[in-house]
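Tertiary structure, described
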Amino acid sequence: MTIAEYLLVNHSPATSKAYQREIGQYLKANPKASQANFKDVMEYIGTLRKKYGSSPSIHRIVSSIKVYYKYLNHIGQRKDNPARSIRLRDKKTKALQVQDLFTTGELEFLLERKERYSDLQIRNQAVISLLIYQGLTTGEMASLTTADINLEEGTIKIKSTPKTNARELKLKTKQIMLLHKYISEARMKLLSITTNKLIITKLGTAESGEGIHYLVSTYKKLFADRNLNPKTIRMSVITNLLKEGKDLRLVQTFAGHKYPSATERYKQSGVEELKQVIQKLHPLR
């Protein structure tokens, strides 16, 4: 497998192109990069500092170098990654907007809405349940097939995406009956094409993700003062797990984050106190 092929398997086309460009420059400047150690990599970063200062370019290049050594691990050329532990202290992570977070009770409140048509209600409840209990992204949900749901074991398999890892998660007890009813009854009635995709649109076609965004938008009036969308639901699920005291590594695996730092940003001091204030301002309707 070439590095170009490896990048496309693990990243989006745009990210792959950017990484390949930065890796190419790194290899040009360091002909013996495949045998480099931590000190060698840090010396290279030092030269970049003189050129770029602390701009975002440095962070992108460091990420590219890490991916390069992961590729060497993958093809068996190296067993270590000399860049793995490098963390740039000036890196700024995007802060969570705590005013857009929802409690577990508020998220479950979304399941209570009544629909005009029973089959559509079951379908919508199934979608919402996967958002509020497994914290799935719309892309992950659109990729689900009926074979990914194991009702006997009470598990769901999520495929990897350019931004998340593959994983197997437990279903909530209340979800098992809901998904059984959706798969065996509602889905079959809604279906108008031949597909193994789990989520079907109200028109009977395979869901691409846009319909999930639209569905969630129809719940916005329940929380008019906050930004309710699939992303803020996922952020809330992850934050709530950390607030419950769940181990960071377990939450990382649950969320499918490729790096611990992606999970760490959800672990903010003062989140609980802020949430209490929000609850007073925005009580459960």
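Just so it is clear, the model here is predicted, and its values are computed rather than measured.

**Regarding the side chain of threonine 145**
- Summarising the element assignment, threonine 145 is placed in the loop between helix H7 (138–143) and strand S1 (149–150).
- Owing to a relative accessible area of 11%, threonine 145 belongs among the buried residues under this scheme.
- In this structure threonine 145 touches Lys159, Asn196, Lys197 and Leu198, once residues within four positions along its chain are discounted.

**A short note on the packing of aromatic side chains**
- Evaluated as defined, the whole model comprises seven aromatic pairs.
- Ring geometry for phenylalanine 102 against phenylalanine 223: centres 5.2 Å apart, planes inclined by 70 degrees, an arrangement best described as edge-to-face. You can see phenylalanine 102 sitting in the loop between helix H4 (56–74) and helix H5 (104–109) and its partner phenylalanine 223 sitting in the loop between helix H9 (210–217) and helix H10 (230–243), a full 121 residues away along the chain.
- For the ring pair phenylalanine 109 and phenylalanine 223, a centre distance of 6.5 Å and an interplane angle of 80 degrees mean the geometry is edge-to-face. With phenylalanine 109 in helix H5 and phenylalanine 223 in the loop between H9 and H10, the pair connects residues that are 114 residues apart, well separated along the chain.

**Details of helix H8 (residues 173–190)**
- Between its first and last C-alpha atoms H8 spans 25 Å; for 18 residues at 1.5 Å apiece the expected length is 26 Å, and the two agree.
- Remark: the principal bend of H8, roughly 45 degrees, maps to tyrosine 182.

**Focus on the sheet that holds strand S3 (residues 167–170)**
- One open sheet accounts for three strands, arranged S1-S2-S3; its pairing is antiparallel. Both edges of this open sheet fall to S1 and S3, since each of them pairs with a single strand only.
- Pairing analysis gives two bridges linking S1 to strand S2 (residues 155–158), with the strands arranged antiparallel. Paired with isoleucine 149 across the strands is isoleucine 156, a residue of S2.

**Structural notes on H9**
- Buried residues of H9: Ile212, Leu215 and Val216, and no others. Buried residues of H9, seen end-on, are gathered within an arc of 95 degrees and therefore sit on one face of the element. Exposed positions of H9 whose direction lies more than 90 degrees from the buried face are Glu210 and Tyr214.
- Close packing links the buried residues of H9 with helix H6 (118–134), H7 and H10.

Rules behind the numbers
Residues numbered from 1 in each chain as written. Predicted model: local features only at pLDDT ≥ 70, side-chain atom pairs only at ≥ 80, totals over all residues. Heavy atoms only, no water. Helix = DSSP H or I, 4+ residues; strand = E, 2+ residues; numbered from the N terminus. Buried < 20%, exposed > 50% of the residue type's maximum accessible area, 1.4 Å probe, protein only. Contact = heavy atoms within 4.5 Å. Phe/Tyr/Trp six-rings, centres within 6.5 Å; stacked < 30°, edge-to-face > 60°. Expected span 1.5 Å × (residues − 1). Bend = angle between axes of the 7 residues up to and from the residue. Pairing = 2+ DSSP bridges. Arc of directions from axis to C-beta.

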